[in-house]
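Residue-level structural notes
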Amino acid sequence: MIRLQIRPVWRFRGESSERDFDFQLIAILAGLEVSGKLTHAAEQAALSYRHAWNLVSEWEAFFGARLVTKSKGRGSELTALGKRLLWAGQRAQARLAPELENLAGEFAGALNEALEERPAALAMHASHDFAVGVLRDLLSEGPSQLAVQYKGSFDALASLRRGECDVAGFHLPEGRLGTLLAQRYEECLPPEYGLIMFVTREQGLIVRAGNPREIAGVEDLCREGVRMVNRQRGSGTRALLEFMISSHGLDRTRMDGYENEEITHGAVAALIAGNQVDVGFGVQAAAAQYRLGFIPVCRERYYLACRADDLESAAMRHLRRTLRGKAFRARVAELAGYSAEHAGQAVDRIETVVPG
């Protein structure tokens, strides 16, 4: 079976030259921002010290400006240009990666069909989530691979109902808001369906490091001077935020940036890290990835849905074994705010309390 990976290309043009950007530089700059040591940054990027230093020097020569400065007793620090380049690379990766993965999956499927090869992959449409990527990676070398298309929760369930995918991923909070959202999700499920527990995760307000705007809750989204970024329409995170706004009686027209949308948690966090906005709603793991502040609001449960007849298929049994396995649980435990305690457990219906 053919697998396909699509990668972006940045081409910089100067006054007298042009060159394609090496994204290894982003990994080096990210490591430098955290540690202030090129040796550590090179190790994190899986590069030799010499290669890392040459890469930084080459791009400083191209831009005609420093990306990194050294000072006695303080190690290496990113310049304003270095920080801006790092932010641009991280944001591009967070925003484009799901779209490119979707395109790659579609093209590979079409090629395999044209070659009359029977795909061995389960088709999964799911709300974007860090743990979904973990599951896809673990299944990539097994007998039942996972072809993921990232869509909002409601769009994913609509795809399952139309027979366009084998598995749909969606999420909702515990408590009263979860009960209200469950009613909406149940309307989107096929008449006969099966449910599998996936992960639980913390959702909340992602803010700049140190929380300089002193944001404490959803009500502060209406405060003058607070800039926000939203998730796209159709996403479960957007639906949850809208429920909370309504329950607090807030006026969304007073929220600066409410109509500005991003399609992933990582892209929301990247905007905040780049000081383009002050706050967004997303998972704790995204805040941790960019070393941002996080104000927890609720715990969510992420479910996987399938048609009832497929629940005991060989491919689904393999998927559930993977979810219950030590490797998956260990990888998920590394994600801030995540738990896979009940992963792989089949349940009869959407619950507002995690089964014990």
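Just so you know, the residues in each chain are numbered from 1, in the order the chain's sequence is written. Local features in a predicted model are, by the rule used here, given only for residues with pLDDT of at least 70; side-chain atom pairs are given and counted only at 80 or more, and totals for whole chains, interfaces and linings are based on all residues. Hydrogens and waters are ignored; side-chain quantities use all the structure's heavy atoms.

1. Notes on the pattern of salt bridges
Our working rule: Here a salt bridge means any side-chain nitrogen of Lys or Arg lying within 4 Å of a carboxyl oxygen belonging to Asp or Glu. Burial status follows relative accessibility: with a 1.4 Å probe on protein chains alone, a residue under 20% of its type maximum counts as buried, one over 50% as exposed, and anything between as partly exposed. Helix numbering and strand numbering both begin at the N terminus, where a helix is a DSSP run of H or I of at least 4 residues and a strand a DSSP run of E of at least 2.
Here the structure, examined in full by the defined rule, presents 24 salt bridges. The closest approach of N and O atoms between glutamate 164 and arginine 162, which form a salt bridge, is 2.9 Å. Assessed through its relative accessible area of 52%, arginine 162 is described here as exposed. A salt bridge links glutamate 300 to arginine 201; the shortest N-O distance between them is 2.9 Å. Taken together, the residues glutamate 300 in strand E12 (residues 293-307) and arginine 201 in strand E8 (residues 193-207) connect sequence positions 99 residues apart.

2. Some remarks on the packing of aromatic side chains
To keep it simple, the criterion reads: Here the aromatic set is Phe, Tyr and Trp, taking the six-membered ring for Trp, and pairing holds for ring centres within 6.5 Å; pairs whose planes are under 30 degrees apart are stacked, those over 60 apart are edge-to-face, and all others are tilted. Only Lys NZ and Arg CZ are tested; either one counts as a charge over a ring when it is within 6 Å of the ring centre and within 35 degrees of the ring normal.
Using the criterion set out here, one finds 17 aromatic pairs in the structure. Ring geometry for phenylalanine 21 versus phenylalanine 23: centroids 5.2 Å apart, planes at 80°, classification edge-to-face. Using a relative accessible area of 7% as the deciding quantity, one classes phenylalanine 21 as buried. Overall, the relative accessible area of 29% leaves phenylalanine 23 in the partly exposed class. Judged by centre distance (5.7 Å) and plane angle (75°), the ring pair of phenylalanine 62 and phenylalanine 63 falls under edge-to-face. For phenylalanine 63, a relative accessible area of 26% gives the class partly exposed. In this structure an aromatic cluster arises from ring pairing among Trp10, Phe12, Phe21, Phe23, Trp59, Phe62 and Phe63. Sitting over the ring of tryptophan 59, arginine 19 keeps its end group 4.3 Å from the ring centre. Above the plane of the ring of tryptophan 53 lies lysine 70, whose end atom (NZ or CZ) is 4.7 Å from the centre.

3. Focus on the pairing of E12
The following threshold applies: Following DSSP output, two strands are said to pair if at least two bridges run between them.
Direction of pairing for strand E7 (residues 167-173) relative to E12: antiparallel, over a ladder of six bridges. Among the inter-strand pairings, alanine 168 is bridged to a residue of E12, identified as alanine 305. Bridge count between E8 and E12: 14 bridges; the pairing is antiparallel. Each residue of the ladder has a partner; that of glycine 194, found in E12, is cysteine 306.

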